[in-house]
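Observations on chain architecture
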Amino acid sequence: MQLLKFAWKFLLDNGGIIMSTVSGLFAYFQNRFKGKLAKVLPIVGVFAGLIWSLLLANNSQQEQRDKLEQTLTRVDNYIQQQGKTVVQQVDVNTRAVLNDFITQIQGAKPSVVQQASLPQVEGLIKAGQLASISAKAIQPDRRQRLTIWVFPHVQQEVDYAVVKARLETIAAQVVPHDLKQKIAPTNSVWFGGGATLEEAKAVALTASGAGLEIRQICPAQLTVPNLLQLGGSTHAVNLPVLSPSQINLLAAPTCE
């Protein structure tokens, strides 16, 4: 089989030489012989030459197509490989950025972070950063006098161990408080009995950095001195969610 392929390729590659030889032989026989054979030979030679020319042309076109397809295949493979490399690199870079972001988020549950968009993730990080700055502005002696009550649903919505540790940089006493009202996801911060708006904002920013949506920061008539409360309010349902920047820039309480 290989020998036949080689012979066929040889005939096609050397068609010009072979056709010249055949044409010479036909001319020789035509001049040497008379009769029907001499008349038929030129006709046979013409048809043989035509068929051979078509075979040569078809073979040449097929070789060109094969070479073009091979080239296109190599180019396509190269592009695909480069594309995979670029996508993999982008994926690695993106994951690195997201992982770096996630390490900066303190107190949010993994499910909250996974479902958050990039702007929301940036908001969580910004809230956490502003909370740290606000907490550092509270003097140690003032911190010792402050107490924060955290209501049950808040504890369930965040990584409470982390949030509690962060709240303890604001107030020496961070106390889980029993539920005394209907659960409301519209989170609020109340302050009263000697606590200040700036201290309440520090609590709100800490909660916001853990993924809670804070809608109001309100003064309240509280019996415990220097008390701040973090919980829900059914009255705040119509209020918009406060962004970290809005909380940080509040110059007066916002209440329903």
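Our structure's up above, just so we're on the same page.
The numbering scheme is per chain: residues are counted from 1 as the chain's sequence reads. Local features in this predicted model are restricted to residues of pLDDT 70 or higher, and side-chain atom pairs are both shown and tallied only at a pLDDT of 80 or more, whereas totals for entire chains, interfaces and linings draw on every residue. For side-chain calculations, the full set of non-hydrogen atoms in the structure is used, while hydrogens and water are omitted.

1. Some remarks on unusual backbone geometry
A positive phi angle is found at Asn226, which is not glycine, with a value near 55°. Helical segments are the DSSP runs of H or I of at least four residues, strand segments are the runs of E of at least two, and each set is numbered from the N terminus. Within the secondary structure, Asn226 is located in the loop between β4 (214-219) and β5 (227-232). Three exposure classes are used, based on accessible area relative to the maximum for each residue type with a 1.4 Å probe and protein chains only: buried under 20%, partly exposed in between, and exposed over 50%. Among the residues examined, Asn226 registers a relative accessible area of 14% and is labelled buried.

2. Some remarks on the pairing of β4
By the criterion of burial, β4 is predominantly enclosed, with 5 of the 6 residues buried. Looking at chain direction, strand β3 (residues 187-192) and β4 are connected through 5 bridges and run parallel. The partner of Phe191 across the bridge, within β4, is Pro219. The parallel pair β3 and β4, bridged by helix α9 (residues 197-209), forms a crossover whose chirality is right-handed. We call two strands paired when DSSP finds no fewer than two bridges between them. We call a crossover right-handed when, viewed with both strands directed away from the observer, the connection leading from the first strand over the helix to the second proceeds clockwise.

3. Some details on the nonpolar core
Here the nonpolar core consists of buried residues drawn from Ala, Val, Leu, Ile, Met, Phe, Trp, Tyr and Cys, with membership extended through side-chain atoms lying within 4.5 Å. Counting 34 residues, the largest nonpolar core has Ile148, Leu167, Ile170, Val203, Ile214, Ile217 and Leu228 as its most contacted members. Counting residues per element, the ones that place at least two in this core are α5 (118-136), β1 (147-150), α8 (160-167), β3, α9, β4 and β5. Residue contacts follow a heavy-atom distance rule, with two residues in contact if any of their heavy atoms lie within 4.5 Å. Non-local contacts of Ile148, meaning those with residues more than four positions away in its chain, are made with Leu167, Ile170, Ala171, Gln173, Val174, Val175, Val203 and Leu228. One finds Val113, Ala116, Leu124 and Ile125 within the second-largest nonpolar core, a separate group that totals 7 residues.

4. Some points on the state of the cysteines
The disulfide definition used here is simple: a pair of cysteine sulfur atoms within 2.5 Å. A complete count under the given rule lists 1 disulfide for this structure. The side chain of Cys218 participates in a disulfide bridge whose partner is Cys255; the two sulfur atoms lie 1.9 Å from each other. On the criterion of sequence distance, the pair formed by Cys218 in strand β4 and Cys255 in the segment after α10 (244-249) is long-range, its members being 37 residues apart. The class of Cys255 is partly exposed, set by a relative accessible area of 36%.

5. Some thoughts on the pattern of salt bridges
We count a salt bridge whenever a side-chain nitrogen from Lys or Arg sits within 4 Å of a carboxyl oxygen from Asp or Glu. Tallied over the entire structure, the rule returns 4 salt bridges. Its salt-bridge partner being Arg142, residue Glu199 comes within 2.6 Å of it at the nearest N-O pair. Taken as a pair, Glu199 in helix α9 and Arg142 in helix α6 (residues 140-145) lie far apart in primary sequence, 57 residues in all. In this structure, Glu213 engages Arg215 in a salt bridge whose closest nitrogen and oxygen atoms are separated by 4.0 Å. Look at Glu213 and you get partly exposed, because its relative accessible area is 45%.

6. Here we look at the environment of Ile105
Assignment of secondary structure puts Ile105 in the loop between α3 (36-104) and α4 (110-115). For the pair Ile105 and Leu124, spaced 19 residues apart in the sequence, the C-alpha separation amounts to 6.4 Å. Sequence-distant contacts of Ile105, defined by excluding residues within four places in its chain, comprise Val113, Val121, Leu124, Ile125 and Gly209.

7. Structural notes on the environment of Gln216
By the secondary structure assignment, Gln216 is in strand β4. With 19 residues separating them in the primary sequence, Gln216 and His235 have C-alpha atoms 9.8 Å apart. Apart from the residues within four sequence positions on either side, Gln216 is in contact with Asn187, Ser188, Val189, Trp190, Ser233, Ala236, Leu239, Leu242, Thr254, Cys255 and Glu256. Within 3.5 Å is the distance limit for a polar contact, defined as a pair of N or O atoms, with the added protein rule that one can donate a hydrogen and the other accept it, and that residues adjacent in sequence qualify only through two side-chain atoms. Polar side-chain contacts of Gln216 include one of 3.0 Å to the side chain of Ser188.

8. Brief notes about the pairing of β3
In regular strands, side chains alternate between the two faces of the sheet. The element β3 is extensively covered by neighbouring structure, given that 6 of its 6 residues are classed as buried. Burial along β3 is two-sided: Asn187, Val189 and Phe191 facing one way and Ser188, Trp190 and Gly192 facing the other are all buried.

9. Here we look at α9
Spanning 13 residues, α9 covers 18 Å between terminal C-alpha atoms, matching the ideal 18 Å at 1.5 Å per step. The buried count for α9 comes to 12 of 13 residues, which makes it a mostly enclosed element. Given a helix with a known number of residues, its expected span is that number minus one, times 1.5 Å.

10. What to know about the sheet that holds β1
Strand order in the open sheet made by the 5 strands is β2-β1-β5-β3-β4, with mixed pairing throughout. Single-partner strands in this sheet number two, and they are β2 (173-176) and β4. Along the sheet, successive strands turn relative to each other by an average axial angle of 15°, direction set aside. The pairing of β3 with β5 spans 6 bridges and is classified as antiparallel. If you follow Asn187 over to β5, its bridge partner there is Gly232. For helices, the fitted axis covers only the stretch in contact; all axes are lines through C-alpha atoms, and the angles between them, taken along N-to-C directions, range from 0 to 180 degrees. Of the strands in this sheet, β1 and β2 touch α8, which is tilted by about 145° from β2. This element, α9, spans β1, β3, β4 and β5 of the sheet and lies at about 160° to β4.

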